[in-house]
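# Geometric and topological summary
The residues making up each chain are set out below.
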Amino acid sequence: MKIKYFILAFSLLFAVFLAEYGFCAYRWVTPPGIAIVTDRSGEQLIPDKATVHLLGDGAGNIPKTMLSYYAEKAFSYNLLNGIYSYSGGSRRARLTVSAPLQRAALAALGERRGTVAVMNYQTGEILCAVTSPTFDPENRGETVEGMFVNRFIRGRYTPGSIYKLVTLAAALEDDPEIESRVFSCKGEQHFGTDKVTCPKPHGKQTLQEAFRNSCNCAFAALAAELGEEKMTHYADKFGLTAPISFDGFTTASGRYDAKISLPWSGAGQGDTKINPCAFLTFLSAIARDGQGRRPYLMAQIRQGYKIHYRAKPISNAPILSPETAEILRTYLRSNVEKKYGDESFGGLTVCAKTGTAEVGTEMPNALFCGFVLEKDCPIAFLIIAENAGTGTEICLPIARQLFCNGQWIIDN
């Protein structure tokens, strides 16, 4: 009788082992299968301050999400041969990021918390996704709050005035005749119990001038006229509320919330939140006539002469009409020509918007976003510095430093 129970128990355990082997064995062989990871130009990447949030660290503080996701493709794994491959050679993964740009962006961000992100809007390749605070896995030092968080993927930020681009897009999509409106700003405006203020009166202004002046009163009026339902609809349609999944990562969800104040929500204040990756994708759609690309980080995986995976650009569903996208590009371009100055961008034709987000602390979050129109440099960018000051004061110099040093140029 004891032998029967022993055989039964053994059979059950063996069945569990076979199930585990079939479904989970590839995870067991992943660590020794990691070989070489390079940036887009072939420079070998080793987890350091500039790349640890993308590659992960050996201690498991930051999971090796992307490499684990592509384990089966990268390591030629199968149940019969394990990680053995007849093609031979080292197993190599090439990412879309530029190592020099990662390092330059991290240096430009300095000791500030935040993120610098750059995407090729024609392909969806993420060229830079820097997070701070960060650490060197080989010499971690003191643990700093938030240093294990990938802010590009998991960050959620009050957007401030860069959200006026969303309100503007919603207003144009809802009523193309809105461009003919004239707005009057006396420095403050009441909407029921809500009081919206501007740093100074802007007087009478066109819609384009209101955008260039970053007039809170004008954009509060647009949000109030559109109403919560339409503002929510367009935030959803523009891809700013749902998470994005790619290469094993899933971004944090954004949120449009007008409950605190519908008028202030049009200026990007209140409880509205954006995820950096989602907002960068929104910018890319504006640059591409209303239809963006799905972002990606993994470009290619090969072993020896055999390519196991090669990324292909994937278009998202259109979110804007080409006409609206063209107007948005014109307004963003006017900001640079008449406000920020072309000399800040190393001779490139840039469309951009700064933002300052009050977040209940002594210093606001600083933001700057935009894209380049040159066909040989189709990049969209987003810079966020937490509790640092204004977008013009903090983020514009960061962008200027990178542009004027030639760090934005895409190495094809």
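Thresholds, definitions, all that
Residues numbered from 1 in each chain as written. Predicted model: local features only at pLDDT ≥ 70, side-chain atom pairs only at ≥ 80, totals over all residues. Heavy atoms only, no water. Core = buried A, V, L, I, M, F, W, Y, C linked by side-chain atoms within 4.5 Å. Buried < 20%, exposed > 50% of the residue type's maximum accessible area, 1.4 Å probe, protein only. Helix = DSSP H or I, 4+ residues; strand = E, 2+ residues; numbered from the N terminus. Pairing = 2+ DSSP bridges. Axes fitted to C-alpha atoms, helices over the stretch in contact; angles between N-to-C directions. Phe/Tyr/Trp six-rings, centres within 6.5 Å; stacked < 30°, edge-to-face > 60°. pLDDT = per-residue confidence, 0-100. Contact = heavy atoms within 4.5 Å.

What follows concerns the nonpolar core. Core analysis: the biggest nonpolar cluster contains 85 residues, and F238, F279, F282 and M298 have the highest contact counts within it. At eleven residues, helix α9 (residues 216–237) tops the list of elements feeding residues into this core. Of all hydrophobic cores here, the second largest spans 34 residues; its members include V130, V336, V350 and I383.

What the four strands build is an open sheet, ordered β1-β2-β11-β12; its pairing is mixed. One side of each edge strand has no neighbouring strand; the edge strands of this open sheet are β1 (36–38) and β12 (306–310). Mean inter-strand twist for the sheet, computed between neighbouring axes without regard to direction, equals 20°. Where β1 and strand β2 (residues 91–95) come together, three bridges link them in parallel fashion. For T38, the partnering residue across the bridge sits in β2 and is R94.

On to the pairing of strand β14 (residues 365–372), then. Within β14, eight of the eight residues are buried, which leaves it mostly tucked inside the rest of the structure. As defined by bridge partners, β14 adjoins strand β15 (residues 379–385) across six bridges and the pair is classed as antiparallel. Opposite A366, over in β15, you have A385 as the bridge partner. Counting the residues that bridge the hairpin from β14 to β15 gives six residues.

Looking now at the packing of aromatic side chains. Applying the stated criterion across every chain yields a total of 16 aromatic pairs. Their ring planes at 50° and their centres at 6.2 Å tell us that F246 and F249 sit as a pair that is tilted. Both residues of the pair, F246 and F249, belong to the buried class. Between the aromatic rings of F381 and F403, the centroid separation amounts to 5.6 Å while the plane-to-plane angle is 75°, which identifies the pairing as edge-to-face. You can see F381 sitting in strand β15 and its partner F403 sitting in helix α13 (residues 391–404), a full 22 residues away along the chain. Chaining the aromatic ring pairs together yields one cluster made of Y340, F345, F368, F381 and F403.

Confidence along the protein averages 89 in pLDDT terms, with 85% of residues attaining 70 or more. Note that pLDDT drops below 50 for residues 25–34; the model gives that stretch 16 contacts with residues more than four away or on any other chain.

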